[in-house]
Amino acid sequence: MAQTKISIIPTSNETILKFEADRFLTNHNSFEFNNIDDAKHSPLAQQLFYLPFVKKVYIASNFIAIERYNIVEWKDVQNEVATQIEDYLSNDGVVVTEDAIKPKAAVTVYAESTPNPSVLKFVCNKVLVPSIFEFTSIEAAKPSPLATALFQFPFVKNVFMEKNFISISKFDIIEWEEITLQLREFIKSYIEEGKTILNDDAPQKLNKTEEAVEQKFEALDDISKNIINILEEYIKPAVESDGGNIEFKSYDENTKKVEVLLQGACSGCPSSTFTLKNGIESMLREMLNDNSITVNAING
């Protein structure tokens, strides 16, 4: 157990004080933590956040810098803090864990327009969710911390997630050029920081597990199964590229009416609704050899 000596170094900002160690603390990496949850990979930073006046903690190669709230002056507490850090380090306390030191995978997020002027698609270079999830309110978004965070923006109306992209519907109170960069940077940072996108139990709670989907499919009649297969193979790929989704709801063998749900960018877009309805109707009539089939497209 080697004794670590801490020196107190003032900075140009009177709210920030440096506590410099006589040895290296990290492998030439730097870290910034804004709260105790943010500091989950730094036991030292977490311990410092228990001090009520600690606002931010910065850890660099050989020092810890702490920004304080204005409830105290550094001259009243700096010696106690220095002693606490010395004791922690001298007892071989962990500064940052290996998870914090691991290089982060590069995350790219870009915005893509959709046929719906109220919806923008944010595409990521990594898989975000295992299947399709749509949230129409902050209450409905509880299974997804990311969707919940997006609903904190007052202009967000709807959040649709599909594999590697998020389609966001906005209210008409603002234009996309005013908020696109803000949303893109928010989503990119959220993913880079490794925050939870979807709770582990979300697929079970929302009946979206592979088993649940398969059971639902097997319970359908043969014509309904054929309709789903046609939608999956011929319609969905194009719809997904536009930031949306189409979901089979029902088929009535007496009226020959097919009901589908439009989600994401397809929902609420008059041109999409009209085009999809007619396109699906024509394809189903041709492929199922039944000209009496009609399609009712419902907005999600």
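The notes below deal with the structure included here. Not measured: the values here are computed from a predicted model.

This next bit is on the overall build of the chain. Within the chain one finds nine helices and 13 strands. Here the C-alpha radius of gyration of the chain, 27 Å, is well above what a compact globule of 300 residues would show, namely 19 Å. Taken along its principal axes, the extent of the C-alpha atoms in the chain is 85 × 40 × 30 Å. Counting contacts in the chain only where the partners sit at least 6 residues apart, residues at least 24 apart contribute 58% of the total. Summed over its atoms, the accessible surface of the chain is roughly 16400 Å², and 50% of this surface lies on carbon and sulfur atoms. Within the chain, the 45 negative side-chain charges are centred at a point lying 2 Å from the centre of the 29 positive side-chain charges.

In a beta sheet, neighbouring strands pair by backbone hydrogen bonds and run either parallel or antiparallel. Pairing in this open sheet of five strands is antiparallel, and the strands run β6-β7-β10-β9-β8 from one edge to the other. Looking at which strands have only one partner, the edges of the open sheet turn out to be β6 (109-113) and β8 (133-135). Sheet twist, expressed as the mean angle between neighbouring strand axes with direction ignored, is 20°. Across five bridges, the pairing between strand β7 (residues 119-124) and strand β10 (residues 165-170) is antiparallel. Paired with Val-123 across the bridge in β10 is Phe-165.

All told, the structure shown has seven aromatic pairs when counted by the stated rule. The interplanar angle of 5° and the centroid separation of 6.2 Å between the aromatic rings of Phe-31 and Phe-33 together place this pair among those described as stacked. The buried category is assigned to Phe-31, whose relative accessible area is 14%. Three or more aromatic residues link up through ring pairs in this structure, and these residues are Phe-153, Phe-155, Phe-186 and Tyr-190. If you follow Lys-18 out to its NZ or CZ, it ends over the ring of Phe-63, 4.3 Å from the centre. Note that Lys-121 overlies the ring of Phe-165, its terminal NZ or CZ placed 4.5 Å from the centroid.

Thresholds applied
- Within every chain, residues take consecutive numbers counted from 1 along the sequence as written.
- In keeping with the predicted nature of the model, local features appear solely for residues at pLDDT of at least 70, side-chain atom pairs appear and are counted solely at 80 or more, and the whole-chain, interface and lining totals rest on all residues.
- Side-chain descriptors were evaluated using all non-hydrogen atoms of the structure, hydrogens and water having been removed beforehand.
- Each helix is a run of H or I in the DSSP string that is no shorter than four residues. Each strand is a run of E no shorter than two, and both are numbered from the N terminus.
- Each radius of gyration reported is based on C-alpha atoms, and the globular scaling rule is 2.2 Å times the count of residues to the power 0.38.
- Contact between two residues is taken to exist if any of their heavy atoms lie within 4.5 Å; hydrogens are not considered.
- Note on areas: Shrake-Rupley, 1.4 Å probe, and residue coverage restricted to the protein chains presented here.
- Charge assignment: positive for Lys and Arg, negative for Asp and Glu; neither His nor the chain ends contribute.
- Charge positions come from single atoms, namely NZ of Lys, CZ of Arg, CG of Asp or CD of Glu.
- Note on pairing: DSSP must find at least two bridges between two strands before they are called paired.
- A fitted line through C-alpha atoms serves as each axis, taken over the contacting stretch for helices, and the angle formed by two N-to-C directions is quoted from 0 to 180°.
- Aromatic rings from Phe, Tyr and Trp, with only the six-membered ring used for Trp, were paired whenever their centres fell within 6.5 Å, and each pair was classed as stacked if the ring planes differed by under 30 degrees, edge-to-face if by over 60, and tilted otherwise.
- The buried label goes to any residue with under 20% of its type's maximum accessible area, the exposed label to any with over 50%, and the partly exposed label to all in between, with areas taken from a 1.4 Å probe on protein chains only.
- Note on criteria: charge over ring means Lys NZ or Arg CZ within 6 Å of the ring centre, with the direction from the centre no more than 35 degrees off the ring normal.

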